[in-house]
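Working through the structure, step by step
One-letter residues, chain by chain:
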Amino acid sequence: MDKTLVVINSMLQEGLFRKYAIGGGIGALFYIEPMATFDLDIFILPVEDPAGLISLSSLYDWTAKRGYAHAQEQIIIEGIPVQFIPAYNDLVTEAVLQSVEKKYKEVTTYVVRPEYLMAIMLQTSRPKDLNRLEAFLEEAELSTPLLNTILDKYGLKNSFDNLGKGRYDG
Amino acid sequence: MTDDIKYYNAFVDRVFESKKEYHRNAAKLPIEEKVRILVELQKIAVAIKNKDTAKENRFIWQID
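Figured I'd write up the structure that's included with this text. In this text the structure is predicted, and so the values were computed from the model without any measurement.

1. Thoughts on the overall build of chain A
On a plain count of helices and strands, chain A comes out with eight helices and seven strands. At 17 Å, chain A has a C-alpha radius of gyration in line with the 15 Å of a compact globule built from 170 residues. Projected onto its principal axes, the C-alpha positions of chain A cover 55 × 35 × 30 Å. Across the 170 residues in chain A, those meeting the buried criterion constitute 38%. Contacts in chain A between residues far apart in sequence, at least 24 positions, make up 66% of those at least 6 positions apart.

Right, dumping it as structure tokens:
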């Protein structure tokens, strides 16, 4: 994964996006035990063109020129399918802005904080997100005040408080 | 509550606590080790996939 991250860092340095952070299952992998996942999800803050429009074509052109294959919406970079996801709402944008610097081997990268990953999972609420969310509650080192602040800010407190109800309460 | 039930409940509590401890320890592994495990999980998931329901884009990471 280090080679993949080097390429993504090059894309950042060359201005293909303003900032990035690893999210999704691989973001979660930094905080909880391994669970099967196949994509490296990269949340990005895209560069807007002068008209204020967002385009990912420069990103796809850049990788195509370097010989990285595209498979549907993924790009296979150094053996890993990478999914670039423009920050699609305020929560994800804040998650990228507040991401933390981490090392993978010797390579610096940026990862969404666990509290934001939990809020995004709660917002998305697919079954696999809810399973991961439970793992976060059991295993991850969290800041409860930060988590509560995020949940309040994005109207997710009730969903969080109701987590597991119906599945465990019979 | 009989002694047998108390003993049984205590045993079950210990089993669950032991499982939690296992998962918490796995969460603390270095990320490089977690990625190594992840690739093994990908191989298993692809090997047991149901051909009718499996996603087409499951790609085992080709990393060193």
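2. Examining the interface of chain A and chain B
It is common to report an interface's size as the accessible area lost on association of the parts. With 21 residues of chain A in contact, the opposing surface of chain B contributes 20 residues. Elements with a contribution of two residues or more to the side of chain A that touches chain B: β5 (80-86) and α6 (127-139) of chain A. Of the residues in the side of chain A that touches chain B, the class split is 13 nonpolar, four polar and four charged.

3. Focus: the pairing of β5(A)
A regular strand places its side chains on the two faces of the sheet in alternate fashion. All names here are of chain A. Sheet topology note: the strand β2 (residues 40-46)/β5 ladder contains five bridges and is parallel. Each residue of the ladder has a partner; that of D41, found in β5, is Q83. Taking the residues that link successive antiparallel strands as the turn, the strand β4 (residues 74-77)-β5 hairpin has two residues, and the phi of E78 there is positive, at about 50°.

4. Comments concerning unusual backbone geometry
Residue and element names in this part refer to chain A. In this structure, Q72 is a non-glycine residue whose phi angle is positive, near 55°. Counting through the fold element by element, Q72 comes out in the loop between β3 (70-71) and β4. With a phi angle near 55°, S125 is a residue other than glycine that sits in the positive phi range. Here S125 is to be found in the loop between α5 (114-124) and α6. A tally of 12 C-beta atoms within 10 Å means that S125 is categorised as exposed.

5. Some points on the nonpolar core
Core analysis: the biggest nonpolar cluster contains 49 residues, and A:Y20, A:A21, A:I42 and A:F43 have the highest contact counts within it. Setting aside chain neighbours within four positions, we find A:Y20 in contact with A:I8, A:L12, A:I42, A:F43, A:I44, A:V96 and A:Y110.

6. A short note on the environment of B:R58
On the secondary structure map, B:R58 appears in the segment after α2 (31-47). Here B:R58 falls in the partly exposed class, since 14 other C-beta atoms lie within 10 Å of it. The spacing of B:R58 and B:K43 is 15 residues in sequence and 9.8 Å in space, taken between C-alpha atoms. B:R58 has contacts with A:F38, B:A45, B:V46 and B:K49, leaving out every residue within four places of it along the chain.

What counts as what
- Residues numbered from 1 in each chain as written.
- Chains lettered and ligands numbered in written order.
- Predicted model: local features only at pLDDT ≥ 70, side-chain atom pairs only at ≥ 80, totals over all residues.
- Helix = DSSP H or I, 4+ residues; strand = E, 2+ residues; numbered from the N terminus.
- Rg over C-alpha atoms; globule rule 2.2 N^0.38 Å.
- Buried ≥ 20, exposed ≤ 12 C-beta atoms within 10 Å, placed from the backbone.
- Contact = placed C-beta atoms within 7 Å.
- Nonpolar A, V, L, I, M, F, W, Y, C, P; charged D, E, K, R; others polar.
- Pairing = 2+ DSSP bridges.
- Core = buried A, V, L, I, M, F, W, Y, C linked by C-beta atoms within 7 Å.

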